[in-house]
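# Overview (structure and organization)
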Amino acid sequence: MDLRSLTYFVKIATTGSITRAADQLGVAQSALSRHVRIVEDDLGIQLLVREPRGVRLTGAGLQFLEHCQRVIRELTLAREELQIRKEVPRGNVVLGITSTISPQLLPPSIERIQQQCPDVILRVVEGLSPTLCDALLNGNIDLAVVQNPPMTRGLTLRPLVSEPIVVLLPPQPRNARRIFTLAELANTSLIVTAGVRAIIADQLRRIDTKPNITIEIGAIEPIRQLLLRGVGATALPVSTFHEDIRSGRISAYPIVDGDFQRTLYLAHPAEHRHSATVAEVSRILVAETNALIERGIFKLPVIPDVRDENRRAASEAKSGRRNRG
């Protein structure tokens, strides 16, 4: 297998379809299938299960996908670092970013930009991905972090990370449920952002129904505050409220029978040559995204079962009394 085979496998895995991957890559489906077979033969294990509506990753496929994404990220980063011109970054950079990732990605990125590029003046614009893509094409912003953008020749798109969109609720009783189905999601009153609303609506078309949207809010923090107050339900990328999920302040549940994923991309106009300043800001955004990946914020955290912890504590206490006796 080679880097091209790994790249093809990642595209198939993240789109969930050889047909969609072929369309996005501009490569014949037969060629993609051949490269997957090469990888599977080389590893000696099945990575994909072909289904009528696409493909599904096996357990080994999920594990291999993480390794492939890490390899591609590191190689791409190394290539960009070597190609960046040696001139000192300075001047203005206008960065667009979606609101669901800005609280996690912006603070460490801005801190690093100030440390490494003191002569760079950064202006940040938050917005929906379609709006940010239009601003890139119109030359109003220099680069943007967007989710699930349309593939267009006018933009150069670099995938950063894929993550699941999950149902988020106020804290629920332990083991009250484990998952959400499409039918359950359709029957749940939701507070959503416009970007996620489009993803939910697209998936619910599979069962010929529409989402039950009660409130649409453009900002993330009001949705968080409502959940913390015990009000409502939403569906958002897992990274959005990762710390609240990990601490148990918000409950999160995967949606099992749909393709609820969002992929973040670093986008810039295809016809514009990167200045050293934009290239350096891009490199920092990629590096800080990788740092978030290593911290695991794009995955559902493992929440320990309180009952298991209590049983373990009781067992340790009993053992201590026996030893003292």
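Preceding this section is the structure that the text describes.
Residues numbered from 1 in each chain as written. Predicted model: local features only at pLDDT ≥ 70, side-chain atom pairs only at ≥ 80, totals over all residues. Heavy atoms only, no water.

## Some words on the pairing of strand β11 (residues 261-269)
- Counting buried positions along β11 gives eight out of nine residues, so the element sits mostly inside the fold.
- Bridge analysis of strand β5 (residues 143-147) against β11 gives four bridges, and the strand direction is antiparallel. Within β11, the position partnered with Q147 by the bridge is L264.
- Strand direction decides the pairing type here: strand β6 (residues 155-169) and β11, joined by nine bridges, are antiparallel. Bridging from a neighbouring strand, L157 pairs with A267 of β11. (Buried < 20%, exposed > 50% of the residue type's maximum accessible area, 1.4 Å probe, protein only. Helix = DSSP H or I, 4+ residues; strand = E, 2+ residues; numbered from the N terminus. Pairing = 2+ DSSP bridges.)

## Quick word on the side chain of Q203
- Turning to its location among the elements, Q203 is positioned in helix α8 (residues 194-204).
- A polar contact of 2.8 Å, which involves the side chain of Q203, links it to the backbone nitrogen of D259.
- Contact partners of Q203, with chain neighbours within four places excluded, come to L182, G258, D259 and F260. (Polar contact = N/O pair within 3.5 Å; in protein donor to acceptor, adjacent residues only side chain to side chain. Contact = heavy atoms within 4.5 Å.)

## Some words on helix α2 (residues 18-25)
- Along α2, the residues classified as buried are I18, A21 and A22. Angularly, the buried residues of α2 cover 100° about the axis, an arc narrow enough to put them on a single face.
- Residues of α2 that are buried in the fold lie against α1 (3-15), α3 (29-43), β1 (48-51) and β2 (54-57).
- The first or second residue beyond α2 is G26, which carries a positive phi of 70°. (Arc of directions from axis to C-beta.)

## Here's the deal with the pairing of strand β7 (residues 189-192)
- Bridge count for β7 against strand β8 (residues 212-216) is four bridges, and the pairing is parallel. Looking at β8, one finds that I191 is bridged to I215.
- Viewed along the sheet, the connection from β7 through α8 into β8 turns out right-handed. (Right-handed = clockwise from strand over helix to strand, strands pointing away.)

## Let's talk about the nonpolar core
- Membership of the largest hydrophobic core comes to 32 residues, with the highest contact counts inside it found for L168, L185, L190, I200, L236, F241 and F260.
- Those elements giving two or more residues to this core turn out to be β6, α7 (182-186), β7, α8, α9 (221-228), β9 (234-237) and β10 (251-254).
- Top contributing element to this core by residue count: β6, with five residues.
- If we ignore the near neighbours within four places in the chain, the residues touching L168 are L227, A233, T234, L236, F241, I245, I250, S251 and A252.
- L77, I97, L266 and F298 belong to the second largest nonpolar core, which has 25 residues in total. (Core = buried A, V, L, I, M, F, W, Y, C linked by side-chain atoms within 4.5 Å.)

## Concerning the pattern of salt bridges
- If you walk through the whole model with that rule in mind, you get 14 salt bridges.
- Taking the shortest distance from any N to any O, the salt bridge between R20 and D259 comes out at 4.0 Å. Linking R20 in helix α2 with D259 in the loop between β10 and β11, this pair joins segments that are 239 residues apart in sequence.
- Relative accessible area serves as the criterion here: at 30%, D259 is assigned to the partly exposed category.
- Its salt-bridge partner being E243, residue R246 comes within 2.5 Å of it at the nearest N-O pair. Note that R246 and E243 are positioned in helix α10 (residues 242-247) at a spacing of three residues, about one turn of the helix.
- Sharing partners across several salt bridges, the network here consists of E221, R224, D244 and R249. (Salt bridge = Lys/Arg side-chain N within 4 Å of Asp/Glu carboxyl O.)

## Examining unusual backbone geometry
- Non-glycine residue N148 carries a positive phi angle of around 45°.
- Mapped onto the elements, N148 comes out in the loop between β5 and β6.
- According to the relative accessible area criterion, N148 is partly exposed, its value standing at 36%.
- In this structure, D208 is a non-glycine residue whose phi angle is positive, near 55°.

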